[in-house]
Amino acid sequence: MIRLHLPTIAAACALAALPLSAAADELDPTGAWSAYSGGQAPLPPMGWNSWNAFYHDVDEEKVIASAQVIVDSGLADAGYRYINIDDGWWLKRDADTGRMVIRTATFPSAATGSDRTSFRPLTDRLHAMGLKAGIYSDIGRNSCGQTFGHGNANNPAGTLAEREVGLYDHIEQDIALYFGEWGFDYIKVDGCGIRGMGADNPNVQKGIYREMAPLIDFDSIAKTDVPAVKDLFAQVGQALVRHNPDGDFLYSLCIWGSANVRSWAKEYGNISRTSEDIAPYWGRMLHNLDSASRRALYAQPGNWNDPDMLFVGTGDFDSDHPAEARSHFSLWAMLNAPLIIGYDLRKATPEQLAILGNRDLIALNQDPAGNQAVLAYDTEDVQFFVKTLADGTKAVALFNRTATPIPVTLTADHLKYAADGEIALTDLWSGEASSFTGEQEFTLAPHETRVFRAAGTRALPGGMYLSEMPGRINVAEEGIDFPEPDPMIHRAIVPWQNTRSNGERPRYTGWGGARADSTPYGQMLRIADREFLTGIGVLANSRLEVRGDGFRRFSAMVGRDDSGSDDGSRVRFEVYGDGKLLGASEWMGLAEPAKPLSVDTGGAAIVELVVRGDGKATRPVPVTWGDAALLP
Ligand code: GAL
């Protein structure tokens, strides 16, 4: 999407006297919300996808049977809507017309009698069931099954050209077909064809597939052509708008956290994968969880982090592992992850359906404020996630990552509630009600997640800390010059490679991104020895867009964070309301005490928080908007 940089004349004049920083123009206020607002994702999508249940062995009967269970079991009423066909549906691309041909052996209703196959009968049937339909493609010329050699039985057939089933060079034609003619409502766009079809691919060497110089190098951001990747995904987005005049589409990006997608997906589509595939193993669930859990500021209504689909029902999350299944579901609900079931629902037990259908958990995921839970306590053993709901109350998940019982203490501080007020809890798995004042102990069973609704006296009466409302924040510029992999993500065995390597490496760029209640590198927020329990941690040369409607004031204690290096550089904090400069700090160096920065926003719709560096920094400069809040 094209970003406008149109500072008002007043703001431009105010800034004219400032020294230039490295990214000066990108820091200019726009007075606008620049995250993607196309498609239909005001809430995280819910539904079912064929992949984790059937892999390439997908067929029409299985899709319809799962859809029927969704309707009959009440899951549709609980919000599950999208029925998504993943890899394995395609037969080939017609050599003369370029039109995609469906594998009618597995999708018989697609054989329409003419020489043109159509998914319309299937999407009509799903729509008649009150559901929505999703399709799958790849941004390259070839699919994942072709690229990585799996799923041979249902891989596309025909000549080399006919087997090029991906969107590359066919974006307009395919999107028109899938949405205009076939009536789909959702597309997942994978990226295997731009990742793995280089000269070293054995099937390219054998002449089975055409070589395509990879745009994505999964292990090297420097060797990834980020602008080219973005351009392809932008083209799909534009075609989706053209072929969905009613705007009823959902655009799912699937490049598994590569190509620095963390920083730009929110401008291009509705959901974006944060990691490689989930697998039905505990360690893999932790891996995918961690790839999204510290990125609360990178998700808002319209744009969600996607740690991949649910695996409730299988392996470590099967009916012998109800604690693990509940944890997986609870955590995805708290993170505002898409709730996409990946199970053969014909086999689902009532207990499994009850987990997937827990209305209280679903309500957290579907809360209209769209605040992804923020980590209030973070270790490799135990994590507390806190989510602020639209009505101002909270949900808290206490998560035991380990296989042993652990005693934990939840405090009022974790919830940003007053220590002397009573806090009412409702356990969303047992329904049990309780209350406490100050702090409360629990013992978490192995792999258990306790999830509560919590109501207490807010520590900040009237106002809201910014870190309580990540759904109102868009990280428009994050100040990262050199994207680095995030080392905080649990490094699990990759099941499809097993231990045929010397271990998993940090992979997904995102280290140093803006954080709620933490510095960008995971430290406690601290300015000149003063700690802040709450605030936004970000790097200098950043710009945050904050939805300010409903509030009249912004206030924070600002300064360079103590976690940065003593390079003599200075930063300046600026606050804008609808594009106009409302207030700014002095230029501030490391170890200078936090300064108050409080402005009247006049109810501005978009408050922008800009931190400029003086261009002299030799290392990234963490800066802290301590206690940052919007007030009445
Ligand atoms: C992967 C993707 C999976 C699934 C698979 C199909 O790239 O991450 O979710 O779609 O391809 O082959």
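One can find the structure itself at the top, above this paragraph.
Just so we're clear, the structure is a prediction, and the values are computed from it rather than from any experiment.

(A) Region of interest: the overall build of the chain. Counting its secondary structure elements, the chain contains 14 helices and 31 strands. Against the compact-globule benchmark of 26 Å for 632 residues, the chain has a radius of gyration of 25 Å, which places it among compact chains. Each principal axis of the C-alpha atoms in the chain carries an extent, and together these give about 75 × 55 × 50 Å. The buried share among the 632 residues of the chain stands at 61%. The contacts of the chain with a sequence gap of at least 6 include a subset with a gap of at least 24, amounting to 74%. Roughly 23,000 Å² of accessible area belongs to the chain as shown, and the carbon and sulfur atoms make up 50% of that amount. Of the side chains in the chain, 57 bear a positive and 82 a negative charge, and the two mean positions are spaced by 2 Å.

(B) Representation of the site of the ligand. Of all residues adjacent to the ligand, which total 14 residues, the nearest are Asp86, Asp87, Lys188, Asp190 and Asp277. At 2.8 Å from an oxygen atom of the ligand is found a side-chain nitrogen or oxygen belonging to Asp87. Computed on the free molecule, the ligand has an accessible area of 310 Å², of which 96% lies beneath the protein chains in the complex. Residue composition of the shell around the ligand, by class: seven nonpolar, one polar and six charged.

(C) Highlighting the state of the cysteines. Inspection of the entire model under this criterion finds one disulfide. Bridging Cys144 to Cys192, the disulfide has an S-S length of 2.0 Å. Between Cys144 and Cys192, the S-S torsion sits near 85°, and that sign places the bridge as right-handed. Taken as a pair, Cys144 in helix 5 (residues 144-148) and Cys192 in the loop between strand 6 (186-190) and helix 7 (202-205) lie far apart in primary sequence, 48 residues in all. With respect to burial, Cys144 and Cys192 carry one shared label: buried. Cys254 carries a free sulfur, and the closest cysteine sulfur to it, the one in Cys144, is 6.7 Å from it. Under the relative-accessibility criterion, Cys254 is labelled buried at 1%.

(D) Geometry of the sheet that holds strand 16 (residues 433-437). If you trace the six strands from one edge of the open sheet to the other, you get 11-12-13-18-15-16, paired in antiparallel fashion. Here the strands that pair on one side only, and so sit at the sheet edges, are strand 11 (374-378) and strand 16. Direction aside, the axes of adjacent strands within the sheet are offset by 25° on average. Summarising the sheet, strand 11 and strand 12 (residues 382-388) pair through four bridges and their orientation is antiparallel. Note that in strand 12 the partner of Tyr377 across the bridge is Phe384.

(E) Local environment of the pattern of salt bridges. Counting across every chain of the model gives 36 salt bridges. One salt bridge in this structure joins Asp290 and Arg401, with 2.9 Å as the shortest N-O distance. Here the residue Asp290 occupies a position in helix 10 (residues 282-293), and Arg401 occupies one in the loop between strand 13 (394-400) and strand 14 (406-411), the gap between them amounting to 111 residues. For the residue pair Asp290 and Arg401, the accessibility class agrees, reading buried in each case.

(F) Examining the layout of surface pockets more closely. Taken as a whole, the largest pocket holds about 920 Å³ of empty space. Lining the largest pocket are 45 residues, and of these Arg195, Glu276, Val494, Trp496 and Gln497 lie nearest its centre. When contributions to the lining of the largest pocket are tallied by element, the ones reaching two or more residues are helix 2 (51-54), helix 5 and strand 6. Looking at side-chain class alone, the lining of the largest pocket contains 20 nonpolar, 10 polar and 15 charged residues.

(G) Up close: the sheet that holds strand 27 (residues 571-577). Across the sheet, which stays open at both edges, the five strands sit in the order 20-25-30-27-28 with antiparallel pairing between neighbours. Of all strands in the sheet, those bounded by a partner on one side alone are strand 20 (473-477) and strand 28 (580-584). Strand-to-strand, the axes of this sheet are offset by a mean angle of 25°, without reference to chain direction. One ladder, built from seven bridges, connects strand 27 with strand 30 (residues 606-613); its direction is antiparallel.

(H) Up close: the packing of helix 3 (residues 60-72) against helix 4 (residues 120-128). Where helix 3 contacts helix 4, the two axes come as close as 11 Å, and the packing angle between them is 10°. In terms of orientation, helix 3 lies roughly parallel with respect to helix 4. Residues Glu60, Ile64 and Ala67 of helix 3 form the contact with helix 4, whose own contacting residues are Leu122, Arg125 and Leu126. Split into classes, the residues belonging to the contact of helix 3 with helix 4 amount to four nonpolar, no polar and two charged.

(I) Representation of the nonpolar core. Ranked by size, the top nonpolar core spans 109 residues in total, and within it Trp89 and Tyr178 carry the most contacts. Top element by residues in this core is helix 8 (residues 226-242). It accounts for eight residues.

(J) Quick look at the environment of Ala390. Tracing the backbone shows Ala390 in the loop between strand 12 and strand 13. Separated by 114 residues in sequence, Ala390 and Glu276 place their C-alpha atoms 32 Å apart. What Ala390 contacts, discounting residues up to four positions off in sequence, is Asp367, Pro368 and Ala369.

(K) Highlighting the pairing of strand 24 (residues 535-539). Of all the five residues making up strand 24, five are buried; the element is thus mostly covered by neighbouring parts of the structure. Taking every second residue as pointing to the same face, both faces of strand 24 are buried, with Gly535, Gly537 and Leu539 on one and Ile536 and Val538 on the other. Judged from the five bridges that link them, strand 24 and strand 31 (residues 622-631) form a sheet pairing that is antiparallel. Bridge assignment links Leu539 to a residue of strand 31, and that residue is Pro622.

(L) Fine view of helix 4. Residues Leu122, Thr123 and Leu126 constitute the buried set of helix 4. Taken end-on, helix 4 shows its buried residues confined to a sector of 95°, consistent with a single buried face. Two residues or fewer after helix 4 comes Gly130, characterised by a positive phi angle close to 85°.

Here is what the cut-offs are and how they apply
- Residues numbered from 1 in each chain as written.
- Predicted model: local features only at pLDDT ≥ 70, side-chain atom pairs only at ≥ 80, totals over all residues.
- Heavy atoms only, no water.
- Helix = DSSP H or I, 4+ residues; strand = E, 2+ residues; numbered from the N terminus.
- Rg over C-alpha atoms; globule rule 2.2 N^0.38 Å.
- Buried < 20%, exposed > 50% of the residue type's maximum accessible area, 1.4 Å probe, protein only.
- Contact = heavy atoms within 4.5 Å.
- Areas by Shrake-Rupley, 256 points an atom, 1.4 Å probe, with all protein chains shown as cover.
- Lys, Arg positive; Asp, Glu negative; His and termini not counted.
- Charge placed at Lys NZ, Arg CZ, Asp CG, Glu CD.
- Near = heavy atom within 4 Å.
- Polar contact = N/O pair within 3.5 Å; in protein donor to acceptor, adjacent residues only side chain to side chain.
- Nonpolar A, V, L, I, M, F, W, Y, C, P; charged D, E, K, R; others polar.
- Disulfide = S-S within 2.5 Å.
- Pairing = 2+ DSSP bridges.
- Axes fitted to C-alpha atoms, helices over the stretch in contact; angles between N-to-C directions.
- Salt bridge = Lys/Arg side-chain N within 4 Å of Asp/Glu carboxyl O.
- 1 Å grid on protein atoms, 1.4 Å probe; cavity = no way out; pocket = protein on both sides within 12 Å on 5 of 7 lines; lining within 4 Å.
- Points joined across faces, edges and corners; volume = space filled by probe spheres on them.
- Parallel < 35°, antiparallel > 145°, perpendicular 65-115°, else oblique.
- Core = buried A, V, L, I, M, F, W, Y, C linked by side-chain atoms within 4.5 Å.
- Arc of directions from axis to C-beta.

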